[in-house]
Amino acid sequence: MNKVYKFFLTSICAIGLLLVLRAFLTSSRVTADNKTLYFYNWGDYIDPDLIDKFEKETGYKIVTETFDSNEAMIAKIKQNSTNFDICIPSEYAVEMMRDQGLLKKLDHKKIVGLDNIDKRFLNLAYDPENEYSIPYLWGSFGIIYNTKKYKAEDFSSWKNLWDPKFKGEILSFDGARETLGIGLLADNLSLNTCDKDKLVRVSNELVGYMANVRAILADEIRMYMALGEANVGITFSGDAASAIDSNPDLAYAIPKEGSNIWFDSMVIPKTSKNTEAAYAFINFMLRAENAAQNAEYISYATPNKKALALIDPAMRNNKTLYPDDDVIDRLEVFKALDKETTILYNDLFLDLKISPKAKEDN
């Protein structure tokens, strides 16, 4: 019995020691996490110097993970495997995440500098009153082209892209909403059209457009256009501006029917365990000097009105990045689609990618 008692006592002590050790490690981890900001962002979408500056100013350590699509980002946050404190979704993704309960409602009393944001970019349909998101960067979707071969009038309308003279010339962006959007705009329809008959009709019409498409790409469009290896690219304003900086023979156009205006925003996911750090980051990025530095690094437009005065005049006056009001008035924000309509968009886009005419020319 004595040996059994000693064994029992030893076991109890060992278990107690393990529990104490576990509590210590958990406490240490919590303490460390209280000084850590888990940041979920697109690749190369913040100036690294700003991360260093934020860490030195606040004492928080930023741990960054990147994603390549809004859908992948949403799926990861749903898994709840990482306690991200700040995330940068696009406008329609903000709407989806809000509706799915994946975001924390913002406490505007903790936000400093929201009045720096241009009022035109606040209180938009995807997040009324900015209850869940703060604008980070914005831009448009349009056409970049070689001015030595084409004139601005060639891109006055999206319908012009069906012209046989563009056969094998167009680098088209690899996105369902964007590609179907070209057809919708050409027919003077909303980018958020959900009517199945209209979408099928537009998809059928786009087969003619696809006959002129040389390749369906994403970020590579900027490189090929900058190197002069293509004459027409359908892409985003920031990528267009970067390509034009490298190749002055290029220009950017938004056809008369208008196009998409997009916003990437700062949000606090429901997974956040350090909202104090999240608000510190939001306030840091709302400061005019930081917003200006970030916009110059990424070469996209900042929604921070006070930051504009600090940006290089050449960039500030760049109509590719900062179009006139009459152009902005013709731009439309993507709204979140229901599951059935999203599947329809994706299926129609896939059909276009493998259509006989598209396959023949790619």
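What you see is a predicted model; the values in this text were computed from it and never measured.

The rules we used
Residues numbered from 1 in each chain as written. Predicted model: local features only at pLDDT ≥ 70, side-chain atom pairs only at ≥ 80, totals over all residues. Heavy atoms only, no water. Helix = DSSP H or I, 4+ residues; strand = E, 2+ residues; numbered from the N terminus. Buried < 20%, exposed > 50% of the residue type's maximum accessible area, 1.4 Å probe, protein only. Areas by Shrake-Rupley, 256 points an atom, 1.4 Å probe, with all protein chains shown as cover. Core = buried A, V, L, I, M, F, W, Y, C linked by side-chain atoms within 4.5 Å. Domains from an automatic or database assignment. Contact = heavy atoms within 4.5 Å. UniProt positions renumbered as here; feature names shortened; annotations may be inferred. Polar contact = N/O pair within 3.5 Å; in protein donor to acceptor, adjacent residues only side chain to side chain. Pairing = 2+ DSSP bridges. Axes fitted to C-alpha atoms, helices over the stretch in contact; angles between N-to-C directions. 1 Å grid on protein atoms, 1.4 Å probe; cavity = no way out; pocket = protein on both sides within 12 Å on 5 of 7 lines; lining within 4 Å. Points joined across faces, edges and corners; volume = space filled by probe spheres on them. pLDDT = per-residue confidence, 0-100. Nonpolar A, V, L, I, M, F, W, Y, C, P; charged D, E, K, R; others polar. Salt bridge = Lys/Arg side-chain N within 4 Å of Asp/Glu carboxyl O.

## Some details on the overall build of the protein
- Tallying secondary structure elements over the protein gives 14 helices and 10 strands in all.
- Counting across all 362 residues of the protein, residues that qualify as buried make up 52%.
- Summed over its atoms, the accessible surface of the protein is roughly 17,600 Å², and 54% of this surface lies on carbon and sulfur atoms.

## Observations regarding the nonpolar core
- With 119 residues, the main nonpolar core has Ile234 and Phe281 as its most contacted residues.
- Two domains share this core, each providing at least three of its residues, namely domain 1 (36-138 + 263-323) and domain 2 (139-261 + 335-354).
- Sequence-distant contacts of Ile234, defined by excluding residues within four places in its chain, comprise Phe141, Gly142, Ile143, Trp158, Leu161, Ile170, Leu171, Ser172, Phe173, Ile182, Tyr209 and Ile221.

## Overview of the UniProt feature "binding site: spermidine" (unreviewed entry) in the protein
- According to UniProt, the "binding site: spermidine" (unreviewed entry) feature falls on Tyr92.
- Residue position: Tyr92 is located in helix H4 (residues 91-99).
- With sequence-adjacent residues up to four places away left out, Tyr92 is seen in contact with Asn70, Glu71, Phe334, Lys335 and Ala336.
- A polar side-chain atom of Tyr92 sits 2.8 Å from a polar atom in the side chain of Glu71.

## Some thoughts on the sheet that holds strand E2 (residues 61-67)
- Across the sheet, which stays open at both edges, the 3 strands sit in the order E2-E1-E3 with parallel pairing between neighbours. Among the strands making up the open sheet, the edge pair consists of E2 and strand E3 (86-87).
- As defined by bridge partners, strand E1 (residues 36-42) adjoins E3 across 2 bridges and the pair is classed as parallel. What sits directly across from Phe39, in E3, is Ile86.
- Packed onto the sheet, helix H2 (residues 48-58) meets E1 and E2 and runs at close to 150° relative to E2.
- Docked against the sheet, helix H3 (residues 70-79) engages E1, E2 and E3, running at close to 150° with respect to E1.

## Some points on the side chain of Asp154
- Along the chain, the position of Asp154 falls in the loop between strand E4 (134-146) and strand E5 (170-173).
- A distance of 2.8 Å separates the side chain of Asp154 from the backbone nitrogen of Lys151, its partner in a polar contact.
- When sequence neighbours within four positions are dropped, the list of residues in contact with Asp154 reads Asn160, Lys165 and Phe166.

## A closer look at the layout of surface pockets
- Approximately 1,200 Å³ is the volume attributed to the largest pocket.
- Along the walls of the largest pocket sit 38 residues, with Trp42, Asp68, Asn70, Phe173 and Phe236 positioned nearest its centre.
- For the lining of the largest pocket, the elements supplying multiple residues, two or more each, are H3, H4, helix H5 (176-186), helix H8 (237-246), strand E9 (259-266), helix H10 (288-298) and helix H13 (339-353).
- The dominant element in the lining of the largest pocket, judged by the number of residues it contributes, is H13, at 4 residues.

## A closer look at H4
- Considered for burial, the residues of H4 that qualify are Glu91, Tyr92, Ala93, Val94, Glu95 and Met97.
- In the segment just after H4, Gly101 is the residue with positive phi, at about 70°.

## Comments concerning the confidence of the model for the protein
- When pLDDT is averaged across the protein, the result is 91; 89% of the residues are at 70 or more.
- In the model, residues 1-9 has pLDDT below 50 throughout and makes 0 contacts with residues more than four positions away in sequence or in other chains.
- Contacts for the low-pLDDT stretch residues 23-32, under 50 throughout, to residues beyond four places or in other chains number 0 contacts.

## Thoughts on the side chain of Thr320
- Its place among the elements puts Thr320 in the loop between helix H11 (313-316) and helix H12 (325-328).
- Excluding its chain neighbours within four sequence positions, the residues that come into contact with Thr320 are Ser140, Ser237, Ala240, Ala241, Ile244 and Tyr252.

## Some details on empty space enclosed by the protein
- A full pass over the atoms with the stated rule returns 2 cavities of 30 Å³ or more.
- In terms of lining residues, the largest cavity is bounded by Ile117, Pro135, Tyr136, Leu137, Met266, Met285, Leu286, Ala291, Asn294, Thr302, Pro303 and Asn304.
- For the lining of the largest cavity, the elements supplying multiple residues, two or more each, are E4, helix H9 (275-286) and H10.
- For the lining of the largest cavity, a count of residues per class yields 9 nonpolar, 3 polar and no charged.
- Taken as a whole, the second largest cavity spans an internal volume of roughly 40 Å³.
- In terms of residues, the lining of the second largest cavity owes the most to one element, H5, which gives 4 residues.

## Regarding the pairing of E5
- Side chains Ile170 and Ser172 project from E5 onto one buried face, and the interleaved Leu171 and Phe173 project onto a second face that is buried too.
- As defined by bridge partners, E5 adjoins strand E6 (residues 213-217) across 4 bridges and the pair is classed as parallel. Counterpart to Phe173 in the pairing with E6 is Leu217.
- Here E5 pairs with strand E7 (residues 232-236) via 2 bridges, running parallel. Counterpart to Leu171 in the pairing with E7 is Gly233.

## Let's talk about the pattern of salt bridges
- Using the criterion set out here, one finds 16 salt bridges in the structure.
- Among the ionic pairs, Glu131 bridges to Lys105, the shortest N-O distance being 3.3 Å. Separated by 26 residues along the polypeptide, Glu131 in the loop between H4 and E4 and Lys105 in the loop between H4 and E4 bring together distant segments of the chain.
- According to the relative accessible area criterion, Glu131 is partly exposed, its value standing at 31%.

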